[in-house]
Amino acid sequence: MTTSTIVSPGVVIGRRRRRVPRAGVWAAAAFLLVVAVIAIAPGLVAHGSPDLTDALAALRPPDGEHLLGTDANGRDIFTRIVYGARPSVLAGLAATALAVTGGTLAGLLAALGGRVPDEVVMRVVDVLLSLPGLLLALLVIAVAGPGTLNAVFAIAAYTLPGYARLVRAQTMVIRRSGYVEAAVSLGLTKARIIARHVLPNAFAPLLVLATIEVGTALVAASSLSFLGLGPRPPAPEWGAMLSAGRDYFSVAWWVAVFPGLAITLTVLSVTVVGRHLQRRVEGRLS
């Protein structure tokens, strides 16, 4: 058992959590490696087109020919899950990368820009944090319209404030450190101080939060696709497959269960690896 510290907004100080066995961490990392491989090169694992239909094979249960069964259009579910890894995972990664970039810039502006920028940025951050995440994403999509790119921006919009608060907090601590004061006395410009001292020292907790939030972004992307606000059919995507399979759950459970299992295992693996990194970082900082 270990005691957590503040790594992201919402993490409770002093909250105790159970340590995941090292074998579990390795298993999670191995699963993520497999997901990365099939997202980069799905043809190595699944052969054939994910959009190939066969009316005579509709809703066929898992067997030797169709490892995970088929959907209502006779499409192979295993093939669609493999090809659906790319849009599902890329949406989470892209939204996280966008949120990290925007949150880092906003946090630096708040911490180093003076009193007025700090007040403006943090009040905007507080407003965004007061809104439920999925609701904020839906508001963004309602204005911008559905689609994969807009879904990425919508997810980034509600995850960005957490990064901004973390970077601001880390920067406020680092700017008062002795080595930064020495750099200022030597005449280094603010840009060089940020690049050489602030960002490297804020990178570790930022990386931990980003790793954990990839899972959150993936769930959000799948949720939006589940609501029909992600990639357009018949593009394979885990959330969209889960949505399509719910209508046949009583007669063909495999249509919804296997895409849902792919989402669950991926998010769980990301969380396990992220929490492991968090403990490592806390151990170095303590």
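In this text, all values refer to a predicted model and were calculated from it rather than measured experimentally.

## Things to note about the overall build of the protein
- Counting its regular elements, the protein contains 9 helices and 2 strands.
- Starting at the N terminus and ending at the C terminus, the protein contains elements arranged as β-β-α-α-α-α-α-α-α-α-α.
- Oriented by its inertia axes, the alpha-carbon framework of the protein measures out at about 75 × 45 × 35 Å.
- Taking the contacts inside the protein whose residues are at least 6 apart along the sequence as the reference set, 67% of them involve residues at least 24 apart.
- As displayed, the protein has an accessible area near 14800 Å², and 67% of this comes from carbon and sulfur atoms.
- For the protein, the distance from the average position of its 25 positive side-chain charges to the average position of its 14 negative side-chain charges is 15 Å.

## Some details on the packing of aromatic side chains
- The final tally for this structure, using the stated rule, is 2 aromatic pairs.
- Seen in terms of ring centroids, Trp253 and Trp254 are 5.7 Å apart; in terms of plane orientation they differ by 80 degrees. Their pairing is edge-to-face.
- For Trp253, a relative accessible area of 41% gives the class partly exposed.
- Considering the side-chain rings of Trp253 and Phe258, the 5.7 Å spacing of their centres and the 50 degrees angle between planes classify their relative orientation as tilted.
- Note on Phe258: relative accessible area 17%, which makes it buried.
- In textbook terms, an aromatic cluster arises when at least three aromatic residues are bridged by ring pairs, as seen for Trp253, Trp254 and Phe258.

## Side note on the pattern of salt bridges
- Evaluation of the coordinates by the stated rule reveals 6 salt bridges.
- Among the ionic pairs, Glu65 bridges to Arg60, the shortest N-O distance being 2.9 Å.
- Classification of Glu65 by relative accessible area gives exposed; the value is 59%.
- Its relative accessible area of 25% is what places Arg60 among the partly exposed residues.
- Residue Arg123 is joined to Glu119 by a salt bridge in which the shortest nitrogen-to-oxygen separation is 2.8 Å. One end of the pair is Arg123 and the other is Glu119, both in helix H3 (residues 115–130) and 4 residues apart, which spans about a single turn.

## A closer look at the packing of helix H2 (residues 77–112) against helix H5 (residues 148–174)
- Following both chains from N to C, one finds H2 and H5 inclined at 40 degrees, their axes separated by 6 Å at the closest point. It follows that H2 is oblique to H5 by the angle criterion. As H2 runs across H5, the sense of the crossing is right-handed.
- The residue inventory of the contact of H2 with H5, partitioned by class, reads 20 nonpolar, 7 polar and 1 charged.

## Brief notes about the environment of Leu44
- With respect to the helices and strands, Leu44 occurs in the loop between helix H1 (22–40) and H2.
- For Leu44, a relative accessible area of 64% corresponds to the exposed category.
- Along the chain, Leu44 and Leu224 lie 180 residues apart, while their C-alpha atoms are 28 Å from each other.

## Section: the environment of Gly84
- Following the sequence through the fold, Gly84 ends up in helix H2.
- In the structure, Gly84 is positioned 33 residues away from Asp51 in sequence and 11 Å away in space, judged by C-alpha atoms.
- Aside from chain neighbours lying at most four places away, what touches Gly84 is Pro236, Glu237 and Trp238.

## Structural notes on the confidence of the model for the protein
- Overall, the prediction assigns the protein a mean pLDDT of 85, with 92% of residues at 70 or greater.
- Averaged pLDDT values over the elements of the protein bottom out at 42 in strand E1 (residues 2–3) and peak at 93 in H1.
- Across residues 1–15 the pLDDT falls below 50, and counting only partners more than four positions away or on other chains, this stretch makes 35 contacts in the model.

## Remarks on the packing of helix H7 (residues 190–226) against helix H8 (residues 238–245)
- It is at 7 Å that the axes of H7 and H8 come closest, and there the two elements cross at 45 degrees. When the axis of H7 is compared with that of H8, the two are oblique. When the axes of H7 and H8 are compared, the crossing they make is right-handed. Contacts between H7 and H8 involve Ser222, Ser225 and Phe226 from the former and Gly239, Ala240, Leu242 and Ser243 from the latter.
- Here the residues of the contact of H7 with H8 are counted per class, giving 3 nonpolar, 4 polar and no charged.

## Considering the side chain of Asp71
- Here Asp71 is to be found in the loop between H1 and H2.
- Polar side-chain contacts of Asp71 include one of 3.0 Å to the backbone nitrogen of Asn73.
- Beyond its immediate sequence surroundings of up to four residues, Asp71 is in contact with Ala58, Leu59, Ile77, Arg80 and Val255.

Cut-offs applied
Residues numbered from 1 in each chain as written. Predicted model: local features only at pLDDT ≥ 70, side-chain atom pairs only at ≥ 80, totals over all residues. Heavy atoms only, no water. Helix = DSSP H or I, 4+ residues; strand = E, 2+ residues; numbered from the N terminus. Contact = heavy atoms within 4.5 Å. Areas by Shrake-Rupley, 256 points an atom, 1.4 Å probe, with all protein chains shown as cover. Lys, Arg positive; Asp, Glu negative; His and termini not counted. Charge placed at Lys NZ, Arg CZ, Asp CG, Glu CD. Phe/Tyr/Trp six-rings, centres within 6.5 Å; stacked < 30°, edge-to-face > 60°. Buried < 20%, exposed > 50% of the residue type's maximum accessible area, 1.4 Å probe, protein only. Salt bridge = Lys/Arg side-chain N within 4 Å of Asp/Glu carboxyl O. Axes fitted to C-alpha atoms, helices over the stretch in contact; angles between N-to-C directions. Parallel < 35°, antiparallel > 145°, perpendicular 65-115°, else oblique. Left-handed = near helix turned anticlockwise from the far one by under 90°. Nonpolar A, V, L, I, M, F, W, Y, C, P; charged D, E, K, R; others polar. pLDDT = per-residue confidence, 0-100. Polar contact = N/O pair within 3.5 Å; in protein donor to acceptor, adjacent residues only side chain to side chain.

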